[in-house]
Amino acid sequence: MSKDPHYQREAENYQRPIASREYLLQLINQQKAPTSIDHLIEILDYREESDIEALSRRLKAMVRDGQVFRNRRGGFLSFEHMDLVKGYVQAHVDGFGFLTPESRGKGSKDVFIPAHEMRKLMNGDKAAVKITGFDSRREREEGHVVAVLERAHQSVVGRYYREKGIHFVIPDDKRIIQDILLSPDYDHNARQGDIVLVRILEYPDQHNPPIGMIESILGKENDPGMEVTIAINTHGIPHKWNDAVVEQVKSIPAEVAEQDKRGRLDLRGKPFVTIDGADARDFDDAVYCEPSADGFRLYVAIADVSHYVLRDSAIDSEAVERGTSVYFPGEVIPMLPEVLSNGLCSLNPKVDRLVMVCEMDIGSSGAIKSYRFHEALIHSHARLIYDQVAEFLFNDAADQTCEPLRRDLQNLKLVYQALAKARKKRHAIEFDTREVVFEYNEQRKIENIHPSARNEAHLVIEECMIAANICAAKFLKQHKIPALYRIHEGPNPDKVPGMVEFLAVYGVRMGVGNLQPQDYAEALQQVSELPEFDMIQTVMLRSMLQASYSPDTKTGHFGLALQDYAHFTSPIRRYPDLLVHRGIRHVLQTQNQQPFSYDVNAMTALGETCSRFERRAEDATREAADWLKCEYLQKHVGQQFSGIVTSVTSFGMFVQLEDLMIDGLVHVTSLKRDYYQFDAVHHRLIGESSGRVYQLGDQVVVQVARVDMDERKIDFDLISSTHARFIGKDGKKSRGSRKKPAKNYPASKSKKSRAKPGKGKAKGKKSSSRRRGK
């Protein structure tokens, strides 16, 4: 076993260590043919049943995690020997799908999987595919599924139906295209249309649909909180604590133990404060700032979660599976048990708390001159609210809680202004996205929707947190500690050309190649005063790749215009932050004289799962919000709302309602008295006879026509457009006068009410189909 380079690590983690994954992969790669488990047992000279059983479990786990492949004869081989592409599958409602490669670089394209290959897959599955062809017209590879490495769904949420004696469930997630047949071997009490959780007993293959059994009946569509119940179960978000976690929680004290305070930097004399939303329940960061000779000394204190959550403990294992806390409207699924997230690791006022502190010296221009990390002890002096601090600091409002802290809060304001100046100087992209707040009645049904407002107090805390995150990344990089950095590769090459064409409509010129953060920042500045600003910045945001977690130290964060960035400030609710804390803690306690318990391979795997679970949380919360928006508009069918055209397609245009931020479709067939052609370049629909133009950014008045809760789709009828644009037969554009919203638009008497195919090929880049309204 001495040949195993990771034997020491395995010995620390297990009483009876076996070959590490890395060593097993090395052995398998050295073989000239697929290797059986018996051959590996012989190489490793295992004779004890416990060792053989542990090896079998480890090999199964390696197959599950896509590290090795097992063929039909039971032989193990490396994917390097098979020239396969591994990744996660995104299914399309029309049957085909795409595989996103997990190991390709920036700009790599997804692999197309045709519908007949998708029969054996479900949305989110991890698969290995062999490239079988290349579609030059669409510039994409096509793949054949060789193996399903990991199933995304053990259970599926859907609606139960019985037709002609056949019992089946239609999945709520429309990307799962197969209905699930119910096994006759299991009884149930579901009624027609009930929303149920069905456990999959047999997964689909090339010829057979999935088979399952009803695990539980979740309720009816209109039950309170059903939107969250469906989202949690659809995305497989862990939401119940297992017995091991419950048992460990019993041993956690209610208050900080005196022995845990020893050996820490005592900062209880400094007036730290927390600043959060009015409805916040967990406070994982506190701040304090004082002037220095040439600027400021800023302290950012973060709850020391790593002190309480040890690696491989029951709570830690569950946190890995959750990856992040999930914030639904009106409900939170926490990453950590509440005894920690709302108790010992929440920096509540007037109590001692263990923290990890980043102490920074910041110059008057906002440059971070030096920094230090400490395991420390603080005593928060006050729990403040964003609105309260914003009014006190920026509007000179009186406040009894803030007044005794006036000098310290003023210092925070000054250091924020310095940091904001440095942020602007480096041309960080400043998107100002809006969110909405859902209000419930006593029956937990949606009552109202209104936009949430960010104020300057939010920005004060944001700049302090970004500064601490920068220092954490630099610290770990300096000490060569494997860690998860927050990386953002920047623009998506496939989407940049469309964004550039779109911005040109508003007079903004951007190049297509080698875009820098400064290009985005300057473009945003040019459109900042336009009424279409929210929509424009959304288009720009969608042109970029999503940020992720990785031990990669070279990519940096494009959006923030930073080379070094890691998440340090929220270990209560994000697992990557907890890993960052463990790395910093390791250096502080061992002076980096001992090897860190994580290596780059472990961090790479954790980065992939944490990134995936972050997307899972985003998808689940978005779907719950979409449900609530549909439920809200169900009560307003027939009413009119102001909105803006946010997208134009060949089949119509999407409109987002002002303030409510609800999107719906005005179908092209509902537009009046004309055929409409789609001009893809200029994002507009043009009436063939009238020359009437509807385009991206138009301000309109629409009427809610239909709400489909099953599909989460909303249809609007167009009532009026603020600006009437026309294109004459000579191609020149003219604009009509502003019109007031018409209460009743007369229906057309045209005999044709369906889409009419175009005659021949359209000119230029316009859509080749022609559509006529009613």
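Here we look at the packing of aromatic side chains
All chains considered together, the criterion is met by 16 aromatic pairs. Pairing F596 with Y598 gives two aromatic rings, centres 5.4 Å apart and planes at 55 degrees, and the pair type is tilted. What links up through ring pairs into an aromatic cluster is the set Y371, F373, F475 and F568. Above the face of the Y598 ring, R311 is positioned so that its terminal group lies 3.9 Å from the ring centre. Above the face of the W241 ring, R322 is positioned so that its terminal group lies 3.6 Å from the ring centre.

Looking at empty space enclosed by the protein
Under the defined criterion, the tally for this structure stands at 2 cavities of 30 Å³ or more. In this model, the largest cavity occupies a volume close to 40 Å³. Around the largest cavity, the lining residues are K477, Y485, R486, I487, D552, T553, G556, Q563, D564 and Y565. Looking at the lining of the largest cavity element by element, the count peaks at 3 residues for strand β24 (residues 485-487). Taken together, the residues of the lining of the largest cavity sort by class into 3 nonpolar, 3 polar and 4 charged. Its volume calculated, the second largest cavity comes out at about 30 Å³. Along its surface, the second largest cavity is lined by P271, V273, V287, Y288, C289, L405, D408, L409 and L412.

Considering the packing of helix α14 (residues 456-478) against helix α18 (residues 575-590)
Orientation of α14 relative to α18, taken along the N-to-C sense of each, is 55 degrees, at an axis distance of 10 Å. Classified by the angle between their axes, α14 and α18 sit oblique to one another. The handedness of the crossing between α14 and α18 comes out as left-handed. For the pair α14 and α18, contact is made by A472, F475 and L476 and by V580, G583, I584, V587 and L588, respectively.

About the criteria used
Residues numbered from 1 in each chain as written. Predicted model: local features only at pLDDT ≥ 70, side-chain atom pairs only at ≥ 80, totals over all residues. Heavy atoms only, no water. Phe/Tyr/Trp six-rings, centres within 6.5 Å; stacked < 30°, edge-to-face > 60°. Lys NZ or Arg CZ within 6 Å of the ring centre and 35° of its normal. 1 Å grid on protein atoms, 1.4 Å probe; cavity = no way out; pocket = protein on both sides within 12 Å on 5 of 7 lines; lining within 4 Å. Points joined across faces, edges and corners; volume = space filled by probe spheres on them. Helix = DSSP H or I, 4+ residues; strand = E, 2+ residues; numbered from the N terminus. Nonpolar A, V, L, I, M, F, W, Y, C, P; charged D, E, K, R; others polar. Axes fitted to C-alpha atoms, helices over the stretch in contact; angles between N-to-C directions. Parallel < 35°, antiparallel > 145°, perpendicular 65-115°, else oblique. Left-handed = near helix turned anticlockwise from the far one by under 90°. Contact = heavy atoms within 4.5 Å.

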